[in-house]
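Spelled out from the first residue to the last, the chains are:
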Amino acid sequence: MASSRNRQMLLQSRGTRAGVVHPDQFYSRDTQHVGSKKVRTNSTSQADPLTRKNNTLEMNRRKRRMSHDPQTKNNRRFIVDVDETLRIVLQQEDTDGDFQISVTDSGPKLITLGTATSNGVKTFDIRASSFGLCRELAIARDHGRTRIVLDEERLSEPPVDRLSRMIATSFWRSLTRRIDGDGLEIICADPKNRTGHLTPRIYVPHSETKMFEYYKAVAKQRPHLRLEVIRLPKECDDPAFVKSLNDKPGLLALAMEEVDDDIGGKSLKGIPFIVPGARFNELYNWDSYFIALGLIVDGQIEKAKGMVEHFVFEIKHYNKATTSAVTIRHLPYPLIPSQYLCRTQPPFLTDMTLQIYNQLQKNTPKEIESANTWLKRAMRAAIKEYHTIWMVPPRLDPVTGLSRYHPDGLGIPPETEASHFTHILEPYAAKHRVSILEFTEAYNDGRLHEPELDEYFIHDRAVRESGHDTTYRFEKKCAHLATIDLNALLYKYEVDIATAIEILGGELDLEEDFNLSPFPPSKEAFEAAKNSGFERSLSRKQTKEEWVKRSQLREERINKYLWNEGKKLYFDYDTVAGAQIPYETVTAFWALWAGCASEQQAYDVMATGLSKFEVIGGLVSGTEESRGPISLDRPNRQWDFPYAWPPHQIMAWVGFERYGRLEDAQRLAYRWLYMMTTAFVDFNGVVPEKFDAVKLSHMVDAEYGNQGVDFKMIPREGFGWMNAAYQVGLTFITEAMRRALNSCVSPEKFFSKDRQGVMEATIQVPIGLPDEEVFDPIDLALEAIMGV
């Protein structure tokens, strides 16, 4: 059936649908654009001995004409004065004056344009296209055009096609950064630099002499930057050293490549990467994984590959190889490095690597050797990360053998807003009869000691390391929790590493010297290793069999501590209290993504989880009951009900597909894509960081509000993982679903019982499979109008 085949593959490319010319070609005479192929991402490891299926299946898409498809012949063309028409559109339609045209504006949603064939004399009314017109005018102005001939097809492009095209051809490009002399001009303006001066710093790893010399030369050649170049010590993740950087914000150097310069020599150039967007102007770890999936779908393999290069660089340079060293790898390049040098985020490197490896050219012996060499480098880094970060205390709990988010650090996390911890610090300041500022300085300097406050900040750092900052699920206990999401990810690491070693011939030698964590993990094993010495990474080669055993042991421990047979769901385990916590989290579905659930467990989790987490807009982060009551003293947290995030959707889609529930994956994907599409249509093209999936709204009032919503006239970036969720989601749905999305047909209507027969005929088959049925959204629209 389609679901089992689909779980095996990376869906093959599909081309441009509507024939709308890219803006660079339409408005510029110089720039050429080459359309990218699209592939489906799937987390199943290739040739995986443990997961249920293989993952290579290619599907061909066949086009099918319908009466409501975009017309490409005899479209009207209008001659437009860019600045004047833009002024009129904003004056008439942007009634709230926010430089965005949305459904909340009370304009007539109608504009009159002169046709090109009459040189503007004959006019025509364009209805309900103000946002599209505003977008085209803004793009034309960005390209320096003052007068254009505008094809009506550009205004009537279906919204799904338009958003997908904007992501693939514009948003990824706008979110691309790199760290080098040119990139520093933009990066140094990061809004998180709150210091009283504007002198930027860049911190370079101790062993990167050539890179250090490069940046010294940049500082000399670009005096206007006032760049300070600092070489980090060897043990750059020491908590005391990290705390000393609190008032010395700067950039952390990332990977570079050697290139030819203009004078016949060699120079260094930063490897491009994608940032999340909005105020997050850096390379974040788990954001990058989901962004990479979107890049793979859009055929931008080199950019995705480049982000893996940065993670390999960070693992090598920003941690130390001792058992007690629990250091950050996968670092962003923050302006406050102390917030990350002791902290990591959810680990996705192995799956990210295999996803990209599956797309690399391997048609000749040279290409195979190049791909395998790259695979070795990435897996060596992942193995080091696994042993030195996740499999040593305090992140490892030796009793259960499971891992926790538990970073090192001293003092108050410096990256938060100045008033973020005021309510926490007030009682302690009152106790010592000092102001909050005086207490903060004394506490950070170690002059005042408050063990309870130390404990609070241990958990606060752990919440931030988890990526789920913040949620009542983790409040005041995160560092004690062996979570289902983290341990599912590490199970996937173990499976992926076994898979990669098999691809590479059954053995893998390591090149860096570090301690290997004892196996099986236990208190006694660690005590013995401390007394007699740890096994070293260079002492032997890694084998597929040992990683298979590690994955099998973790699966056993997950079943023992995290699975709840009575409730048919996975829960986090409090390693200090010795019990599961009752919070019901959508990350229970991550066990399906990783493949560590049995068939029966998967069936139970899907049945239980859908009843708890599925709402009109997709999957919420947790249940309302688990979140608890909300009040002035207990406000909403952004990773709780009713909020929904792209990572949770993508992981669930893939997990459901893996276990043969493609229909559910498609329904969930449709819900999410509908929410994104209607927001895009109704609110001037917005692509936000997250949604309220119950209200189908991007207007989120929890904590930090929403990101990706503050722009003028048109969005130019979207938001990284939301962009990716759209592109990945489109690979799950059928052609019928896509047509319905273009007509903004609600999930309730599309999945209503009276259309169940149609759905059974259409929902099973992804786009492009032979003999697919076509579900015409015009029928739905007519039914809605007539009340059928």
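Just so it is clear, the model here is predicted, and its values are computed rather than measured. (Residues numbered from 1 in each chain as written. Predicted model: local features only at pLDDT ≥ 70, side-chain atom pairs only at ≥ 80, totals over all residues. Heavy atoms only, no water.)

What the protein chain contains, in helices and strands, is 29 helices and 24 strands. The 788 residues of the protein chain split such that 61% are buried. Contacts in the protein chain between residues at least 24 apart in sequence constitute 75% of all its contacts with a sequence separation of at least 6. (Helix = DSSP H or I, 4+ residues; strand = E, 2+ residues; numbered from the N terminus. Buried < 20%, exposed > 50% of the residue type's maximum accessible area, 1.4 Å probe, protein only. Contact = heavy atoms within 4.5 Å.)

Evaluation of the coordinates by the stated rule reveals 44 salt bridges. With a closest N to O distance of 3.1 Å, Arg222 and Glu185 form a salt bridge. Here the residue Arg222 occupies a position in the loop between α8 (209–221) and β7 (228–231), and Glu185 occupies one in helix α7 (residues 184–187), the gap between them amounting to 37 residues. The partner of Arg540 in a salt bridge is Glu535, with the nearest N and O atoms 2.5 Å apart. Each member of the salt-bridge network shares a partner with another, and the members are Arg178, Asp180, Asp182, Glu185 and Arg222. (Salt bridge = Lys/Arg side-chain N within 4 Å of Asp/Glu carboxyl O.)

Strand order in the open sheet made by the 3 strands is β7-β6-β8, with parallel pairing throughout. Since the sheet does not close on itself, it has two edges, and those belong to β7 and β8 (251–252), each with one partner. Pairing geometry for strand β6 (residues 201–204) and β7, over 4 bridges, is parallel. Note on β7: the bridge partner recorded for Arg201 is Glu228. Seen against the sheet, α8 touches β6 and β7 and runs at an angle of roughly 165° to β7. (Pairing = 2+ DSSP bridges. Axes fitted to C-alpha atoms, helices over the stretch in contact; angles between N-to-C directions.)

The next point concerns the sheet that holds strand β20 (residues 579–580). Pairing in this open sheet of 3 strands is antiparallel, and the strands run β14-β19-β20 from one edge to the other. The open sheet has two edge strands, β14 (481–482) and β20, and neither has a second partner. Bridge count for strand β19 (residues 573–574) against β20 is 2 bridges, and the pairing is antiparallel. Of the residues in β20, the one forming a bridge with Tyr573 is Gln580.

Next up on the list: the packing of helix α12 (residues 349–357) against helix α13 (residues 365–390). Relative orientation of the contacting elements α12 and α13 amounts to 175°, with a least axis distance of 10 Å. On the basis of their axis angle, the class for α12 and α13 is roughly antiparallel. Across from Leu349, Thr350, Thr353, Leu354, Ile356 and Tyr357 in α12, the residues of α13 making contact are Ala371, Asn372, Trp374, Leu375, Ala378, Met379, Ala381 and Ala382. Along the lines of polarity and charge, the residues of the contact of α12 with α13 split into 11 nonpolar, 3 polar and no charged. (Parallel < 35°, antiparallel > 145°, perpendicular 65-115°, else oblique. Nonpolar A, V, L, I, M, F, W, Y, C, P; charged D, E, K, R; others polar.)

Right, let's get into the environment of Glu502. Within the secondary structure layout, Glu502 lies in helix α17 (residues 484–503). What makes Glu502 partly exposed here is its relative accessible area of 32%.

Okay, the packing of aromatic side chains next. Inspection of every chain in the model, using the stated rule, returns 37 aromatic pairs. Ring centres of Tyr214 and Tyr215 lie 5.0 Å apart, and the angle between their planes is 75°; on these two criteria the pair is classed as edge-to-face. Among the residues examined, Tyr214 registers a relative accessible area of 16% and is labelled buried. On the basis of an interplanar angle of 10° and a centroid distance of 3.8 Å, the ring pair of Trp639 and Trp645 is categorised as stacked. Residue classification places Trp645 among the buried positions, given a relative accessible area of 1%. Taken together, the aromatic side chains of Trp286, Tyr289, Phe290, Phe348, Trp590, Trp593, Trp639, Trp645 and Trp721 make up a single cluster linked through ring pairs. Between Arg395 and the ring centre of Trp390, over which it is positioned, the NZ or CZ distance is 5.6 Å. Sitting above the plane of the Tyr472 ring, Arg634 keeps its charged end 3.8 Å from the centroid. (Phe/Tyr/Trp six-rings, centres within 6.5 Å; stacked < 30°, edge-to-face > 60°. Lys NZ or Arg CZ within 6 Å of the ring centre and 35° of its normal.)

All right, on to the nonpolar core then. Judged by nonpolar contacts, the single largest core of 189 residues is most densely connected at Tyr215 and Tyr570. Setting aside residues up to four positions removed in sequence, Tyr570 forms contacts with Ile484, Ile558, Asn559, Leu562, Trp563, Ala588, Ala591, Cys596, Ala597, Gln601 and Val605. One finds Leu133, Leu137, Ala140 and Met713 within the second-largest nonpolar core, a separate group that totals 21 residues. (Core = buried A, V, L, I, M, F, W, Y, C linked by side-chain atoms within 4.5 Å.)

What follows covers empty space enclosed by the protein. A probe as big as a water molecule, rolled over the atoms, marks out the empty space that is left. Using the criterion set out here, one finds 8 cavities of 30 Å³ or more in the structure. Each pocket or cavity is described by its volume, and for the second largest cavity that value is around 70 Å³. Sort the elements by how many residues they give to the lining of the second largest cavity and helix α19 (residues 544–561) lands first, with 4 residues. Here the lining of the second largest cavity is built from residues that sort into 5 nonpolar, 1 polar and 4 charged. (1 Å grid on protein atoms, 1.4 Å probe; cavity = no way out; pocket = protein on both sides within 12 Å on 5 of 7 lines; lining within 4 Å. Points joined across faces, edges and corners; volume = space filled by probe spheres on them.)

A cis amide bond links Pro393 with the next residue in sequence, Pro394, at an omega value of 5°. Note that Pro394 resides in the loop between α13 and β12 (396–397). Omega for the peptide link from Phe641 to Pro642 comes to 10°, which places this bond in the cis form. Secondary-structure assignment places Pro642 in the loop between α22 (624–627) and β23 (643–644). Here Lys568, not a glycine, exhibits a phi torsion of approximately 55°, which is positive. Looking at the element boundaries, Lys568 is found in the loop between β17 (563–564) and β18 (569–570). Assessed through its relative accessible area of 27%, Lys568 is described here as partly exposed.

Attention shifts here to the environment of Leu504. As for its placement among the helices and strands, Leu504 is situated in the loop between α17 and β15 (507–508). When the C-alpha atoms of Leu504 and Lys544 are compared, they prove to be 9.9 Å apart, with 40 residues separating the residues in sequence.

Here we come to the side chain of Asp105. By the secondary structure assignment, Asp105 is in the loop between α3 (82–93) and β2 (110–115). There is a polar contact of 3.2 Å between the side chain of Asp105 and the backbone nitrogen of Thr95. If we ignore the near neighbours within four places in the chain, the residues touching Asp105 are Glu93, Asp94, Thr95, Asp96 and Gln100. (Polar contact = N/O pair within 3.5 Å; in protein donor to acceptor, adjacent residues only side chain to side chain.)

This part is about the environment of Trp172. In this structure, Trp172 sits in helix α6 (residues 159–174). For Trp172, a relative accessible area of 0% corresponds to the buried category. On a C-alpha basis, the gap between Trp172 and Asp298 in space is 9.6 Å, while along the polypeptide they are 126 residues apart. Ignoring any residue separated from it by four or fewer positions in sequence, one finds Trp172 in contact with Ile167, Ile274, Ile291, Gly294, Leu295, Asp298, Gln300, Lys303, Gly720, Asn723 and Ala724.

This part is about the pairing of strand β10 (residues 266–270). Pairing between strand β9 (residues 256–260) and β10: 5 bridges, direction antiparallel. In the sheet register, Glu257 faces β10, and the bridge partner there is Lys269. Here β9 hands over to β10 after 5 residues, with Gly264 in that stretch at a positive phi of 85°.

Across the 9 residues of α12, 9 count as buried, placing the element largely inside the fold. If you check which residues of α12 are buried, you get Leu349, Thr350, Asp351, Met352, Thr353, Leu354, Gln355, Ile356 and Tyr357. The inward-facing, buried residues of α12 abut α10 (285–297), α11 (301–317), α13, α17 and α20 (590–594).

Okay, the confidence of the model for the protein chain next. The predicted model of the protein chain averages 85 in pLDDT, with 82% of residues at 70 or higher. In the predicted structure, residues 761–788 sits below a pLDDT of 50 and forms 73 contacts with residues beyond four places in sequence or in another chain. (pLDDT = per-residue confidence, 0-100.)

Let us look at the packing of α17 against α19. Where α17 contacts α19, the axes come no closer than 8 Å and their chain directions differ by 160°. Relative to α19, α17 is oriented roughly antiparallel. Seen along the crossing, α17 lies across α19 with a hand that is left-handed. Here Ile484, Asn487, Ala488, Leu490, Tyr491, Glu494, Val495, Ile497, Ala498, Ile501 and Glu502 of α17 lie close against α19, whose contacting residues are Lys544, Trp547, Val548, Arg550, Ser551, Arg554, Glu555 and Ile558. Across the contact of α17 with α19, the residue classes break down as 11 nonpolar, 2 polar and 6 charged. (Left-handed = near helix turned anticlockwise from the far one by under 90°.)

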